[in-house]
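# Structural description and commentary
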Amino acid sequence: MLRGDITVAIRNAVMKELAEVGYGRLSIEAVARRAGVGKTAIYRRWSNKLEMVMEIISDVAERKVPLPDTGSFSGDLSLLLMIVSTALQHRVASQIIPDLMAEAARNPQIAETLQRALRTHQQAVGEKLIGQAVARGELPAGTDPEVAVDLILGPLYWRLAVARQPIEEDYLEKFTVAVTAALRATG
């Protein structure tokens, strides 16, 4: 295997191990076995489990999610909610996210890494989605992007990642209407 291929194999193995056993039970040995490499291949790249997991999770969490620009706030919001709900319902993500959030309560390094990644996404959504809607006159000029992003993403995260309730076919449409009305009322 080429060096880049080994790193990809290790990264994929880490994500699968996190989904199956969680951070607490994840071991370097199991990752190496799943990746088809020796432990030394892992230790050449990372000095310990925490460093390995944090780098890989950071890379995944900090990937730029393409933010929609459909020409209307309602269209942008609808598409964003569909993208986020699909991601939160993904088999691997739905197992890893709650585990890492629980681990973050016990481990400040994990908490800091997750917070940094979330802040980056929240700022991007606030600046683009809310900024565009305000510029187009679809939301009041004083709309707070941080509060708006909390209102948009918080309930969806709660429903899918914490309560683990499925969403019905028309849920996202109803949610888009409710969020839009709430944000317009803030003016």
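Keep in mind that what you see is a predicted model, and the values were worked out from it rather than measured. Once a new chain begins, its residue numbering starts again from 1 and follows that chain's sequence as written. The predicted nature of this model means local features are confined to residues of pLDDT at least 70 and side-chain atom pairs, given and counted, to a pLDDT of 80 or more, with totals for whole chains, interfaces and linings taken over all residues. Just so you know, side-chain values use all the structure's heavy atoms and leave hydrogens and water out.

## Concerning the overall build of the protein
Worth spelling out the cut-off: Elements are defined by DSSP. Helices are runs of H or I of four residues or more, strands are runs of E of two residues or more, and each kind is numbered from the N terminus. Think of it in three bands: residues with accessible area under 20% of the maximum for their type are buried, residues over 50% are exposed, and the middle band is partly exposed, with areas taken using a 1.4 Å probe on protein chains only. Here, two residues are considered to be in contact whenever any of their heavy atoms come within 4.5 Å of each other. The method behind every accessible area is Shrake-Rupley, applied with a 1.4 Å probe, and residues are considered shielded solely by the protein chains displayed.
When helices and strands are tallied, the protein shows nine helices and zero strands. Walking the protein from its N terminus toward its C terminus, one meets helices and strands in the order α-α-α-α-α-α-α-α-α. For the protein, the residues scored as buried account for 40% of the 187 residues in total. Sequence separation of 24 or more characterises 66% of the internal contacts of the protein that already satisfy a separation of 6 or more. Put simply, the protein shows about 10300 Å² of open surface, and 56% of that area lies on carbon and sulfur atoms.

## Considering the pattern of salt bridges
What counts here: A side-chain nitrogen of Lys or Arg and a carboxyl oxygen of Asp or Glu constitute a salt bridge if their distance falls within 4 Å.
Under the defined criterion, the tally for this structure stands at twelve salt bridges. Note that arginine 11 is salt-bridged to aspartate 59, the shortest N-O span being 2.7 Å. With arginine 11 in helix H1 (residues 3–25) and aspartate 59 in helix H4 (residues 49–61), the pair connects residues that are 48 residues apart, well separated along the chain. What makes arginine 11 partly exposed here is its relative accessible area of 22%. The residue arginine 34 makes a salt bridge to glutamate 20 at a minimum N-O spacing of 2.8 Å. Of this pair, arginine 34 sits in helix H2 (residues 28–35) while glutamate 20 sits in helix H1; the two residues are 14 residues apart in sequence, bridging distant segments of the chain.

## Some thoughts on the domain arrangement of the protein
Let me state the cut-off plainly: Each domain's limits were defined by an automated method or a database of domain assignments. Note on terms: buried area is the combined drop in 1.4 Å-probe accessible area of two parts once they are placed together, counting the loss on both.
When the domains of the protein are assigned, the result is domain 1 (4–50) and domain 2 (64–186). Its C-alpha centre places domain 1 at a distance of 30 Å from the equivalent point of domain 2. Taken over both partners, the interface formed by domain 1 and domain 2 buries close to 670 Å², and the fraction arising from carbon and sulfur atoms is 72%. For the domain 1 face of the interface with domain 2, the top three residues by lost area are Ala19, Tyr23 and Leu50, together amounting to 67%. Our enumeration of links across domain 1 and domain 2 arrives at zero salt bridges. The dominant element in the side of domain 1 that touches domain 2, judged by the number of residues it contributes, is H1, at six residues.

## A look at the UniProt feature "DNA-binding region" (unreviewed entry) in the protein
Worth spelling out the cut-off: UniProt positions are given in the numbering used here, feature names are shortened, and annotations may be inferred rather than shown by experiment.
Taken from the UniProt record, the annotation "DNA-binding region" (unreviewed entry) applies to residues 27–46. The straight-line gap between the two end C-alpha atoms of residues 27–46 is 13 Å; of that span, 65% is helix and 0% is strand.

## A short note on the nonpolar core
Counted only if it meets this: Nine residue types can take part in a nonpolar core, namely buried Ala, Val, Leu, Ile, Met, Phe, Trp, Tyr and Cys, and a core is a set of them joined through side-chain atoms within 4.5 Å.
If you look at the biggest cluster of nonpolar residues, it comprises 30 residues, and the most contacted ones within it are Ile10, Ile42, Met52 and Val53. Elements that contribute at least two residues to this core include exactly H1, H2, helix H3 (39–43), H4, helix H6 (91–104) and helix H7 (108–135). Top element by residues in this core is H1. It accounts for nine residues. Residue assignment places this core across two domains, with domain 1 (4–50) and domain 2 (64–186) each supplying three or more. Residues within four places of valine 53 in sequence aside, it is in contact with Val14, Leu18, Tyr23 and Leu26.

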